[in-house]
Amino acid sequence: MFGDSTLPSVRRRFKRWQLGLLLNLEIRLAPDAAYVRQKSREVAQLLGFDRNDQTRIASAVSEIARNAWQYAGGGSVTFSLVSGTPQSFVI
């Protein structure tokens, strides 16, 4: 999904972070989807993703958040780092 050219720098950045939960956001109102988009972009930036990948991540998470609010009445978004090979960023 994300460009291979970013993977080495992303892997180096992940080593600075502890594994586990990074952030958990609740979706209760329509504006929460915009907030989730903003925070998704910030997390992706902090983890070293380039601008294009930050936009892709933020767009995908925002769409899912909007659908959760619209069709399920709410939900939550969790950002985590998971160990393994390769180390994973899970939303």
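Everything below is about the structure printed above this text.
Residues numbered from 1 in each chain as written. Predicted model: local features only at pLDDT ≥ 70, side-chain atom pairs only at ≥ 80, totals over all residues. Heavy atoms only, no water.

J.: Any chance you could break down the overall build of the protein chain for me, citing the residues and the numbers?
T.: For the protein chain, the count of helices and strands is 3 helices and 3 strands. The order of helices and strands in the protein chain, counted from the N terminus, is α-β-α-α-β-β. Burial status across the protein chain gives 31% buried among its 91 residues. Restricting to contacts in the protein chain with at least 6 residues of sequence separation, those with at least 24 account for 68%. In the structure as shown, the protein chain presents an accessible area of about 5,900 Å², 52% of it carried by carbon and sulfur atoms. (Helix = DSSP H or I, 4+ residues; strand = E, 2+ residues; numbered from the N terminus. Buried < 20%, exposed > 50% of the residue type's maximum accessible area, 1.4 Å probe, protein only. Contact = heavy atoms within 4.5 Å. Areas by Shrake-Rupley, 256 points an atom, 1.4 Å probe, with all protein chains shown as cover.)

J.: How would you explain helix α3 (residues 51-72) if you had to name every residue and give the values?
T.: Between its terminal C-alpha atoms α3 stretches 31 Å, which fits the 32 Å expected from 22 residues at 1.5 Å a residue. Of all the positions in α3, only D53, Q54, I57, A58, V61, S62, A65 and A68 are classed as buried. Buried residues of α3 fall within an arc of 160° about the axis and therefore sit on the same side. Exposed positions of α3 whose direction lies more than 90 degrees from the buried face are N52 and Y71. Looking at the buried positions of α3, the neighbouring elements they touch are β1 (20-27), α2 (32-46), β2 (75-82) and β3 (88-90). For α3, the side-chain oxygen to backbone nitrogen distance between the N-cap and N52 is 3.1 Å, and the N-cap itself is D50. Following α3 by one or two positions, G73 adopts a phi angle in the positive range, close to 80°. (Expected span 1.5 Å × (residues − 1). Arc of directions from axis to C-beta. Polar contact = N/O pair within 3.5 Å; in protein donor to acceptor, adjacent residues only side chain to side chain.)

J.: Help me get a handle on the environment of E63, residues and values and all.
T.: Considering the arrangement of structural elements, one finds E63 in helix α3. The sequence separation of E63 and A34 amounts to 29 residues, and the corresponding C-alpha distance is 9.6 Å.

J.: Quick rundown of α2? Include the residues and the values.
T.: Look at α2: 21 Å from first C-alpha to last across 15 residues, which is about the 21 Å you get at 1.5 Å a residue. Residues of α2 that are buried include every one of D32, A33, V36, K39, S40, V43 and A44, and no others. The arc that holds the buried residues of α2, viewed along the axis, is 135°, so those residues lie on one side. Against the buried residues of α2 lie β1, α3, β2 and β3. One or two positions beyond α2, positive phi appears at G48, with a value near 95°.

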